[in-house]
Amino acid sequence: MADKNQPISGNALARFSGPNTFMRLPAVNDLKGLDVAVLGIPMDIGTSWRSGTRFGPKEVRSQSAMLRPYHMQTGAAPFDSLQVADIGDLAINTFSLSDSLRIIQDSYDAILNYDAMPMAIGGDHSITLPILRAMAKRHGPVALVHVDAHADVNDEMFGEKETHGTVFRRAYEEGLVIPEKTYQVGLRGTGYGADDFKEAARWGFQQFPSHELWHRPLDTLGAEIRRDIGDVPTYITYDIDSLDPAYAPGTGTPEIGGLTTPQAMQLIRALRGVNVVGCDLVEVSPPYDSSGNTALVGANILYEMLCILPGVAYR
């Protein structure tokens with residue numbers, strides 16, 4: 001293969017110019033030869049509170065211009081070893097949630113015919129259900145690392161079975177995930193009923209509530225999850241509202257008492273060695289953070305996930 005794609009250097013072209021791709025990587029239409037395909041899913045019609053995540057992919061890409069190719073803390077050099085490109089946005093139907101979910105699954109079915117690992121920028125969390133349907137079709141039931149303030153295991157919302165708050169009940173019912181290898185980190189907030197989290201725990205989901213993680217480094221937890229997963233194909237879904245709104249106010253359903261950005265980074269870095277087959281970063285809602293900070297955090301979390309993918313060289 002020819003030389004790997006590199007983000008445009010801030011010393012070659014000012015960061016406030018250039019393409020609005022993730023980390024100013026090349027935009028491509030052909031997935032052949034790619035190891036990682038970054039894509040946007042600009043959708044918010046699955047939300048139950050504040051809309052705005054349709055603007056998430058564009059703003060995360062914009063803020064990602066700040067990122068540089070080499071990870072100075074861990075030594076990860078993802079662009080030395082993986083061919084990464086931005087394949088643009090999926091053409092969802094902004095007037096129909098059900099049709100959009102179909103489009104996402106069909107698109108992922110096509111993407112997974114290639115060797116490129118998809119890394120999605122959401123979009124609300126309902127995007128993860130059709131992604132998992134495609135993942136399970138390709139890999140069988142996957143292990144799931146789900147970082148979120150909410151368990152998203154409602155049976156329905158306003159009579160609808162497929163929303164951003166029902167994703168992981170549907171995934172469990174449809175056999176898309178391995179229940180005992182499903183890890184929900186950062187859960188907190190108020191609930192509709194006393195058993196909101198407990199039912200999923202009975203299915204086998206391993207839950208790590210936020211209040212049990214306060215003032216704790218998460219590298220140990222990440223290492224325990226890594227050992228527990230083994231070599232099972234794993235999907236990581238990272239809801240930005242897992243972070244305390246002091247760090248990430250630009251989201252649709254903020255909950256106080258959440259994770260810190262150092263904890264987020266510790267957790268992801270400790271998952272190095274896991275057989276990650278796909279990941280997403282969801283629920284960045286730029287209208288609620290005019291500073292752009294939430295999208296900047298989201299871009300960095302995506303970069304952290306990129307750095308732990310199989311095959312990444314460390315310098």
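Residues numbered from 1 in each chain as written. Predicted model: local features only at pLDDT ≥ 70, side-chain atom pairs only at ≥ 80, totals over all residues. Heavy atoms only, no water.

Draft legend 1. Highlighting the sheet that holds strand S7 (residues 206-209). Sheet architecture is open: 8 strands sit in the order S3-S1-S4-S9-S8-S5-S6-S7, paired in parallel fashion. Looking at the sheet topology across the chains shown, the edges are occupied by strand S3 (84-89) and S7. Recorded for the sheet is a direction-independent mean angle of 15 degrees between the axes of neighbouring strands. Note: strand S4 (residues 117-122) against strand S9 (residues 276-282), 3 bridges, orientation parallel. Of the residues in S9, the one forming a bridge with Ile121 is Leu281. The sheet strands contacting helix H1 (residues 56-63) are strand S1 (36-41), S3 and S4, and the helix crosses S4 at an angle near 105 degrees. Packed onto the sheet, helix H3 (residues 97-111) meets S1, S3 and S4 and runs at close to 170 degrees relative to S1. (Pairing = 2+ DSSP bridges. Helix = DSSP H or I, 4+ residues; strand = E, 2+ residues; numbered from the N terminus. Axes fitted to C-alpha atoms, helices over the stretch in contact; angles between N-to-C directions. Contact = heavy atoms within 4.5 Å.)

Draft legend 2. The arrangement of the state of the cysteines in detail. Following the criterion strictly, the structure yields 0 disulfides and no others. Here Cys279 is not cross-linked by a disulfide; its sulfur's nearest cysteine counterpart is in Cys307, at 11 Å. A residue is classified by how much of its surface remains accessible, and Cys279, at 0% relative accessible area, is buried. (Disulfide = S-S within 2.5 Å. Buried < 20%, exposed > 50% of the residue type's maximum accessible area, 1.4 Å probe, protein only.)

Draft legend 3. Quick peek at the pairing of strand S6 (residues 177-187). Here S6 lies mainly inside the structure; 10 of its 11 residues are buried. Remark: the strand S5 (residues 142-147)/helix H5 (residues 167-173)/S6 crossover connection has right-handed handedness. You can see the chain leave S6, run along helix H6 (residues 198-203) and come back into S7, and the turn it takes is right-handed. (Right-handed = clockwise from strand over helix to strand, strands pointing away.)

Draft legend 4. Focus on unusual backbone geometry. With omega at 15 degrees, the peptide bond leading from Gly122 into Gly123 counts as cis. Considering the arrangement of structural elements, one finds Gly123 in the loop between S4 and helix H4 (128-139). The phi torsion at Met23 lies on the positive side, around 55 degrees, for a residue other than glycine. Given a relative accessible area of 2%, Met23 falls into the buried group. Of note in the backbone geometry, Phe158 takes a positive phi value of approximately 55 degrees without being a glycine. Residue placement: Phe158 occurs in the loop between S5 and H5.

Coordinates in, geometry out; function isn't part of it.
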